[in-house]
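Take a look at the letters that make up each chain.
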Amino acid sequence: MARSALTREEVLVAAAGLVRQHGPQTLTMRKLAAELGTAVTSIYWHVGNRESLLDALVERTVQEMGTLRPVGRDPAARIASVARGLRRELRARPHLIAMVHERGLTERMFLPAQRALVHEVHAAGLRGARAADAVRAVQFHTVGFLLVERNRERSPVQSPGESDLWGGSTAGGDPALARSLARPADPDRLFATSLRALVDGLLAASGPPEDDPGATAE
């Protein structure tokens, strides 16, 4: 028996769940109706056709990505928290993020995180081009790290692998380094380490503000 009460939000939540699990190509109105225990006509009533549903999912994803809020006692900690949150949210919804990108809304999706970073780099004393570089460096590092991370996760089994390639002869006489590189990488630890080094370096910049390379002389 089809359920009588259904909201648009429930439809979008269920559709987003199916896309997260299987990708947008497998999302059909019939499968979504079965997931919700309702009639297909009810799905159309709430969200329109499949293309309208996908558009609504993209808009919902953009809005969700705008909920990141910095936490921490100082600008460096808050900047790092934005980067961690951005990585976490991007990892949680790769198919939905791909849909956002395909519809040309990536820049709009990243804007809230960028604005949060702008606030924090200003609080740290950076201005102008230096502040802009810091915002983009943190964003590019986070997204680039995630792309490498996902590529490693999806790559076929490597032969020889890292454990086979790293030994005394390839580590410059540093056996501890060889042992470490022979073990699987810990992405969370590596992200935290590289992010800390990046943020510390960006905020340690000193000297007069750099000229805006896009400005014209008066």
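Below, the structure is looked at part by part. Note that the coordinates shown come from a computational prediction; the quantities given were computed from them, not determined experimentally.

The rules we used
- Residues numbered from 1 in each chain as written.
- Predicted model: local features only at pLDDT ≥ 70, side-chain atom pairs only at ≥ 80, totals over all residues.
- Heavy atoms only, no water.
- Helix = DSSP H or I, 4+ residues; strand = E, 2+ residues; numbered from the N terminus.
- Rg over C-alpha atoms; globule rule 2.2 N^0.38 Å.
- Buried < 20%, exposed > 50% of the residue type's maximum accessible area, 1.4 Å probe, protein only.
- Contact = heavy atoms within 4.5 Å.
- Areas by Shrake-Rupley, 256 points an atom, 1.4 Å probe, with all protein chains shown as cover.
- Phe/Tyr/Trp six-rings, centres within 6.5 Å; stacked < 30°, edge-to-face > 60°.
- Lys NZ or Arg CZ within 6 Å of the ring centre and 35° of its normal.

1. Examining the overall build of the chain
A tally of helices and strands in the chain yields eleven helices and zero strands. Radius of gyration (C-alpha) of the chain: 23 Å, far over the 17 Å computed for a compact globule of 218 residues. Along the longest, intermediate and shortest principal axes, the C-alpha atoms of the chain span 70 × 60 × 35 Å. Looking at the chain as a whole, 35% of its 218 residues are labelled buried. Considering only residue pairs separated by 6 or more positions, the chain has 69% of its internal contacts joining residues 24 or more positions apart. When the accessible area of the chain is evaluated, it comes to approximately 13300 Å², of which 54% is carbon and sulfur surface.

2. So, the packing of aromatic side chains
In the structure shown here, the tally under the stated rule is one aromatic pair. Ring geometry for phenylalanine 145 versus phenylalanine 191: centroids 5.1 Å apart, planes at 65°, classification edge-to-face. Of the two residues, phenylalanine 145 sits in helix H8 (residues 128–154) while phenylalanine 191 sits in helix H11 (residues 187–203), which places them 46 residues apart along the sequence. The buried category is assigned to phenylalanine 191, whose relative accessible area is 2%. Sitting above the plane of the phenylalanine 191 ring, arginine 87 keeps its charged end 4.9 Å from the centroid.

3. Structural notes on the environment of leucine 53
Looking at the secondary structure, you find leucine 53 in helix H4 (residues 50–64). Considered as a pair, leucine 53 and leucine 12 are 41 residues apart in the sequence and their alpha carbons are 7.7 Å apart. Apart from the residues within four sequence positions on either side, leucine 53 is in contact with Leu12, Ala15, Leu27, Met29, Leu32 and Val47.

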